[in-house]
Amino acid sequence: MRERIWAPLLLPLLLPPPLWGGPPDSPRWELELEPGPLQPFDLLYASGAAAYYSGDYRQAVRDLEAALRSHRRLREIRTRCARHCAARHPLAPLGEGPGAELPLFRSLLGRARCYRSCETQHLGGPASRHRVSEDVRSDFQRRVPYNYLQRAYIKLDQLEKAVEAAHTFFVANPEHMEMQQNIENYRATAGVEALQLVDREAKPHLESYNAGVKHYEADDFELAIRHFEQALREYFVEDIECRTLCEGPQRFEEYEYLGYKAGLYEAIADHYMQVLVCQHECVRELATRPGRLSPIENFLPLHYDYLQFAYYRVGEYVKALECAKAYLLCHPDDEDVLDNVDYYESLLDDSIDPASIEAREDLTMFVKRHKLESELIKSAAEGLGFSYTEPNYWIRYGGRQDENRVPSGVNVEGAEVHGLSMGKKLSPKIDRDLREGGPLLYENITFVYNSEQLNGTQRVLLDNVLSEEQCRELHSVASGIMLVGDGYRGKTSPHTPNEKFEGATVLKALKSGYEGRVPLKSARLFYDISEKARRIVESYFMLNSTLYFSYTHMVCRTALSGQQDRRNDLSHPIHADNCLLDPEANECWKEPPAYTFRDYSALLYMNDDFEGGEFIFTEMDAKTVTASIKPKCGRMISFSSGGENPHGVKAVTKGKRCAVALWFTLDPLYRELERIQADEVIAILDQEQQGKHELNINPKDEL
């Protein structure tokens, strides 16, 4: 049975072209050659960043701009090659009987050969040169190169280009309030408040959509229709591109190819499962405005919602009815639009049968394919033995904000007006009892401020958690074990290009102590003080269940000399620890990639001989500061990890700021693996020292 799992997964590839690719009038791409091999964008990016740090800003601009061009060209080549080869090598239909799958495999291999040849030809060399790390891919997705560019352009006194780069970065990083301040400063410096803000990575369909909304709100319905229809054409073209880019080589490390046929079929099924899920979620990708942490799940249907009323206003009742019925494919229970359908039908000529007017073909095909994909993914998930939860892509959280939602002639007094919502799951309110004020457990610890005094919820500030001697000892350990970019895949400056980031885990410290690279006593101190912090947090917030370590990290942030002039960024941008902060929507979305299992956080500071680096709490807008805390030796701030406590770190402008960062969870399933291993190391050390074979070092931290 498992040999045929792959068969239904290939079904969407065999659908008729209009259903698979979008509307029938989608433009065809023509392949074009460019002189010379394409330079890998990751190498250009690395060269540009290196030039920036060395102060060669002209070279930095050349390399970074070249990296962005290379990245765009690579995406274009891959998309065009995939579409070109799909057209030249259509997949053969599945047959019956022995060898029925061979024609399909032959066409797949032909398409793969075509794609590799096309890529090699247009890239000017093997495609393997353009494989990049996940970090680089993430940087380009978050538009980090534009952050470097805006700084380099400022150094070169090219203000207009700096503003463009800054705005392009800010659109994708709206929580970066310093970038917004940079833009305002640049505009003030230019003396032109109305300096045009250009998003260099703007998606065409969103530009057209926004233009349509603007004309609609101005009651210019003819122009609104033109822009909304253009937006839909561009949307479906970008949908094809998104789906095309989902295809490609996959890794099948779980399968052993020893001539066992079922293993091959499972690998094929696994491949197409990944491709299918990726393509299925293109609706999220295309509905997500850069910078929005959550997609507009009802974004596509909104085009038809606007169009149904716009067509009504210009007297095209058949088109209004088609758009209204299209909208109902996604929101069949929308009472307002159901009333509109009845009203539009009443306006039709007597010669037209209302039942003959169907929903628009473009969205009908799109929804049909989307539903088929959903069914296939669910079916395959059962066969392949993994879980898949289908998001509700058409949640109706909102619609247009206008008083003309229902056409004249229909009662509008009861019409519901909605704001455009992002359609994500909100960070839920904490379902446990919120308590604080429990005992601090240790002598000499000084209570400083509680939640009320810190203008928030579930917050506490304590002093003297560490002694001066312990701080010095931890600093000594840090200098011997810290790695640049630890915890961030070796990235020297993961949060800001103006600081160097170093870190180390408890397990690394203990191993270094065990191997004699640092004093074992000092390495043990790191372990002990983190456990001390855990017990304090558990006790002060009066938790009814055990608090477990989720992650423990000693971190230092060092200001880079020569890069502190006119600096307005943060050392660590405003964020929440267990949800995705969306400042524009004033919400926090509790879902991956956020660490949703984290419940409490704590920062234990080791020094104060630096400038800047204040810890700040803000409102959800990531701008309004509610509390600011100056670090010093032995000071600890602890708080619940949700959207109720957005926080960040102000720029470290001189010296090195060090702290022990701790995240805790109430769910034992998410205990820190390295902590468990550290417990085992401690047990061995204690056995060696005390001669005992069985010790419970930390009984509360055991399952």
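The coordinates are above.
Analysis parameters
- Residues numbered from 1 in each chain as written.
- Predicted model: local features only at pLDDT ≥ 70, side-chain atom pairs only at ≥ 80, totals over all residues.
- Heavy atoms only, no water.
- Phe/Tyr/Trp six-rings, centres within 6.5 Å; stacked < 30°, edge-to-face > 60°.
- Helix = DSSP H or I, 4+ residues; strand = E, 2+ residues; numbered from the N terminus.
- Buried < 20%, exposed > 50% of the residue type's maximum accessible area, 1.4 Å probe, protein only.
- Lys NZ or Arg CZ within 6 Å of the ring centre and 35° of its normal.
- Pairing = 2+ DSSP bridges.
- Salt bridge = Lys/Arg side-chain N within 4 Å of Asp/Glu carboxyl O.
- Axes fitted to C-alpha atoms, helices over the stretch in contact; angles between N-to-C directions.
- Parallel < 35°, antiparallel > 145°, perpendicular 65-115°, else oblique.
- Left-handed = near helix turned anticlockwise from the far one by under 90°.
- Contact = heavy atoms within 4.5 Å.
- Expected span 1.5 Å × (residues − 1).
- Arc of directions from axis to C-beta.
- Patch = residues over 30% accessible without salt bridge, like charges linked within 9 Å, V, L, I, M, F, W, Y side chains within 5 Å.
- Areas by Shrake-Rupley, 256 points an atom, 1.4 Å probe, with all protein chains shown as cover.
- Lys, Arg positive; Asp, Glu negative; His and termini not counted.
- Charge placed at Lys NZ, Arg CZ, Asp CG, Glu CD.
- Disulfide = S-S within 2.5 Å.

Engineer: Which residues make up the packing of aromatic side chains, and what are the values?
Structural biologist: The full count for this structure, using the stated rule, is 31 aromatic pairs. Considering the side-chain rings of Tyr209 and Phe228, the 5.8 Å spacing of their centres and the 65° angle between planes classify their relative orientation as edge-to-face. Of the two residues, Tyr209 sits in helix 10 (residues 204–217) while Phe228 sits in helix 11 (residues 221–246), which places them 19 residues apart along the sequence. We note that Tyr209, like Phe228, is buried. Taken together, Tyr209, Tyr216, Phe221, Phe228, Tyr306, Phe309, Tyr312, Tyr317, Tyr343 and Tyr344 form an aromatic cluster joined through their ring pairs. The ring of Phe549 carries Arg675 above its face, with NZ or CZ at 3.8 Å from the centroid.

Engineer: Lay out the pairing of strand 4 (residues 499–504) with the relevant residues and their values.
Structural biologist: Strand 4 sits mainly inside the fold: 5 of its 6 residues count as buried. Strand direction decides the pairing type here: strand 3 (residues 483–484) and strand 4, joined by 2 bridges, are antiparallel. Note on strand 4: the bridge partner recorded for Val484 is Glu502.

Engineer: Explain the pattern of salt bridges residue by residue, including any values.
Structural biologist: Evaluated as defined, the whole model comprises 20 salt bridges. One salt bridge in this structure joins Glu531 and Arg534, with 2.9 Å as the shortest N-O distance. Here Glu531 pairs with Arg534, and both are found in helix 20 (residues 520–540), just 3 residues apart, close to one helical turn. Within the structure, one salt-bridge network assembled from shared partners comprises Arg73, Glu76 and Arg80.

Engineer: Tell me about the packing of helix 15 (residues 317–330) against helix 16 (residues 335–347), residues and numbers included.
Structural biologist: Helix 16 packs onto helix 15 with a crossing angle of 155° between their chain directions and a minimal axis gap of 9 Å. The angle between the axes of helix 15 and helix 16 places the two elements in the roughly antiparallel class. For the element pair helix 15 and helix 16, the recorded crossing hand is left-handed. Between helix 15 and helix 16, the contacting residues are Tyr317, Ala320, Leu321, Ala324, Lys325, Tyr327 and Leu328 on the first element and Val337, Leu338, Val341, Tyr344, Glu345 and Leu347 on the second.

Engineer: I'd like to hear about unusual backbone geometry, residue by residue, with values.
Structural biologist: The backbone phi angle of Asn444 is positive, close to 75°, even though this residue is not glycine. Relative to the helices and strands, Asn444 resides in the loop between helix 17 (361–384) and strand 1 (446–449). The phi dihedral of Met542 is positive, around 50°, even though this residue is not glycine.

Engineer: I'd like to hear about helix 10, residue by residue, with values.
Structural biologist: Relative to the 20 Å expected for 14 residues at 1.5 Å per residue, helix 10 spans 20 Å between its end C-alpha atoms, a close match to the ideal helical length. Those residues of helix 10 not exposed but buried are His205, Leu206, Ser208, Tyr209, Gly212, Val213 and Tyr216. Each buried residue of helix 10 lies within a common arc of 160° when the element is viewed along its axis, so the set occupies one face. Within two residues after helix 10, Asp219 carries a phi angle of roughly 65°, on the positive side.

Engineer: Outline a negative patch on the surface, supporting the account with residue identities and numerical values.
Structural biologist: A cluster of like negative charges, contributed by Asp333, Glu335, Asp339 and Asp342, occupies part of the molecular surface. Assignment of secondary structure puts Asp333 in the loop between helix 15 and helix 16. Here Asp333 falls in the exposed class, since its relative accessible area comes to 67%.

Engineer: For the sheet that holds strand 13 (residues 636–640), give the residues involved together with the corresponding values.
Structural biologist: Read from one edge to the other, the open sheet built from 8 strands follows the order 1-2-13-9-16-5-4-3, with strand pairing classed as antiparallel. Unpaired on one side and paired on the other, strand 1 and strand 3 mark the two borders of the sheet. Packing against the sheet, helix 18 (residues 468–481) makes contact with strand 3, strand 4, strand 5 (548–559), strand 9 (600–605) and strand 16 (656–665), and its axis sits at approximately 80° to strand 5.

Engineer: Before we move on, can you summarise the state of the cysteines with the specific residues and values?
Structural biologist: Inspection of the entire model under this criterion finds 5 disulfides. At a sulfur-sulfur separation of 2.0 Å, the disulfide partner of Cys471 is Cys633. Disulfide Cys471-Cys633: torsion about the S-S bond near 100°, hence right-handed. A residue pair is termed long-range when its members are at least 10 positions apart, and Cys471 in helix 18 and Cys633 in the loop between strand 12 (625–629) and strand 13 qualify at 162 residues. An identical accessibility class is assigned to Cys471 and Cys633; each is buried. Here Cys556 pairs with Cys658 through a disulfide, and the sulfurs are 2.0 Å apart. Handedness here is read from the sign of the S-S torsion; for Cys556 and Cys658, about 110°, the answer is right-handed. Within this pair, whereas Cys556 is found in strand 5, its partner Cys658 is found in strand 16, the two being separated by 102 residues in sequence. Residue class for Cys556 comes out buried when judged on its relative accessible area of 1%.

Engineer: So what about the sheet that holds strand 14 (residues 647–650)? Which residues, and what values?
Structural biologist: Judged by pairing direction, the sheet is antiparallel, and its 4 strands sit side by side in the order 6-14-11-12 without closing on themselves. What marks the edges here is a single partner per strand, and that holds for strand 6 (570–575) and strand 12. Between one strand axis and the next, the sheet turns by 20° as a mean value, whatever way the strands run. Relative to strand 14, strand 11 (residues 615–618) is paired through 3 bridges, and the arrangement is antiparallel.

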